[in-house]
Amino acid sequence: MRDYCIRPAGPDDLDGARAVMLDTVYRDFGTGYVPRWHGDIIDPAAAYLAPVRHTLLVALDGADGEVVGTAALDSRGPAHPPNPRQVAARFPSGASAQLRRVYVRPEHRRRGLARRLVTELLAFAAADGGYRSAYLHTDPAVEGAEGFWRSLGKVVHDEREDPGGQRIVHFEVPLPSLTR
């Protein structure tokens, strides 16, 4: 069994984290890099390391120290548009921890890394004390994504049910401090 280390990203981890993220948007999403959606991928230091209430975690392969997974959190709620108005209203910026970029390289999947990364993100959000909720959205076309998030949270809006909606599913994941 492989050993993995999960920790907050430092400057030396950013190239590896960026590579995991870019590979995922090209391979799994099929969109490639889209600046209005993926600007944080190009400059993760500004997006996640500099702001106090944000974080970027990395999963490192214990065998060689390679970054094989990422997970990020920021305090920006979902914007309307492109997200539905009711989703943006439910998860306002500043009070909502948005989980982002939970990606694991294919050859390291099915080993609990994504779940461990999310657990650490939620602990970070709970320790902050200012977040009332945790939000994320996912593309159910990505293999395993919808089932994974359903195992951790609840669907608050499924755009596949909206006339002309995107193929996006919006989730709320309980924060540890709110479930005690």
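Scroll up a little and you will see the structure.
Counting starts from 1 at the beginning of each chain's written sequence and moves along it residue by residue. With the structure being a predicted model, the display of local features is reserved for residues of pLDDT at least 70 and the display and counting of side-chain atom pairs for 80 or more, all residues being used for whole-chain, interface and lining totals. The basis for the side-chain values is all heavy atoms of the structure; hydrogens and waters are excluded.

Undergrad: What am I meant to see in the side chain of aspartate 158 here?
TA: Numbered from the N terminus, helices here are DSSP runs of H or I no shorter than four residues, and strands are runs of E no shorter than two. Relative to the assigned elements, aspartate 158 resides in strand β6 (residues 154-158). Contact partners of aspartate 158, with chain neighbours within four places excluded, come to Arg150, Ile168 and Val169. Contacts: residue pairs with any heavy atoms within 4.5 Å of one another.

Undergrad: In this structure, what is going on with the sheet that holds strand β2 (residues 55-61)? I would like to understand it.
TA: The pairing of strands in a sheet happens through backbone hydrogen bonds and is either parallel or antiparallel. Two strands pair if DSSP finds at least two bridges between them. Strand order in the open sheet formed by 7 strands is β1-β2-β3-β4-β5-β7-β6, with mixed pairing between adjacent strands. In the strand order of this sheet, the two ends are held by β1 (4-8) and β6, each with one partner. Looking at each pair of strands side by side, their axes are set apart by 25° on average, direction ignored. Here β6 runs beside strand β7 (residues 169-173); their pairing, made up of 4 bridges, is antiparallel. Orientation is described by axes fitted as lines to C-alpha atoms, over the contacting stretch for helices, and by angles from 0 to 180 degrees between their N-to-C directions.

Undergrad: Please clarify how the packing of aromatic side chains should be interpreted in this entry.
TA: Geometry of an aromatic ring pair is reported as the spacing of the ring centres plus the angle between the planes. Any Phe, Tyr or Trp ring, taking Trp's six-membered ring, that has another such ring centre within 6.5 Å forms a pair; planes under 30 degrees apart are called stacked, those over 60 apart edge-to-face, and the others tilted. A full pass over the atoms with the stated rule returns 3 aromatic pairs. Ring geometry for phenylalanine 29 against tyrosine 103: centres 5.7 Å apart, planes inclined by 75°, an arrangement best described as edge-to-face. Of this pair, phenylalanine 29 sits in the loop between α1 (14-27) and α2 (35-42) while tyrosine 103 is found in strand β4 (residues 96-104), placing the two residues 74 residues apart along the sequence. Its relative accessible area of 8% is what places tyrosine 103 among the buried residues. Their ring planes at 40° and their centres at 4.9 Å tell us that phenylalanine 91 and tyrosine 135 sit as a pair that is tilted. Taken together, the positions of phenylalanine 91 in the loop between α4 (85-90) and β4 and tyrosine 135 in strand β5 (residues 133-138) put the pair 44 residues apart, joining distant regions of the chain. Cation placement over rings: the criterion is NZ of Lys or CZ of Arg within 6 Å of the ring centroid and within 35° of the ring normal. Against the face of tyrosine 131 rests arginine 53, its NZ or CZ located 4.1 Å from the ring centre. Partly exposed describes any residue whose relative accessible area lies between the buried limit of under 20% and the exposed limit of over 50%, with all areas from a 1.4 Å probe on protein chains only and scaled to the type maximum.

Undergrad: Hey, could you run me through unusual backbone geometry in this one?
TA: In terms of backbone geometry, most residues other than glycine have negative phi values and most peptide bonds are trans. Cis geometry marks the peptide bond from histidine 80 to proline 81, where omega comes out at -20°. Phi is positive for arginine 101, close to 55°, though the residue is something other than glycine. Counting through the fold element by element, arginine 101 comes out in strand β4. For arginine 110, which is not glycine, the phi dihedral falls at a positive 65°. Overall, the relative accessible area of 84% leaves arginine 110 in the exposed class.

Undergrad: How should the environment of aspartate 158 be read in this particular structure?
TA: In this structure aspartate 158 comes out as buried when scored by relative accessible area, which is 9%. Placed 18 residues apart in sequence, aspartate 158 and proline 140 show a C-alpha to C-alpha distance of 9.9 Å. A 3.5 Å cut-off defines polar contacts: any pair of N or O atoms within that distance qualifies, except that in protein one atom must be a possible hydrogen donor and the other a possible acceptor, and neighbouring residues in sequence count only when both atoms are side-chain atoms. A polar contact of 2.7 Å, which involves the side chain of aspartate 158, links it to the side chain of arginine 160.

Undergrad: When you look at the pairing of β4 in this model, what are you seeing that I'm missing?
TA: Walk down a regular strand and you will see the side chains alternate between the two sheet faces. Burial analysis of β4 places 9 of its 9 residues in the buried class, which makes it a mostly covered element. Where strand β3 (residues 67-74) lies against β4, 5 bridges are found, and the strand directions are antiparallel. Bridge assignment links threonine 70 to a residue of β4, and that residue is tyrosine 103. Pairing between β4 and β5: 3 bridges, direction parallel. The residue bridging serine 96 from the neighbouring strand is serine 133, located in β5. A crossover connection joins β4 to the parallel β5 through helix α5 (residues 113-128); in handedness this β-α-β unit is right-handed. Handedness rule for crossovers: strands pointing away from the viewer, path from the first strand over the helix to the second running clockwise, crossover right-handed.

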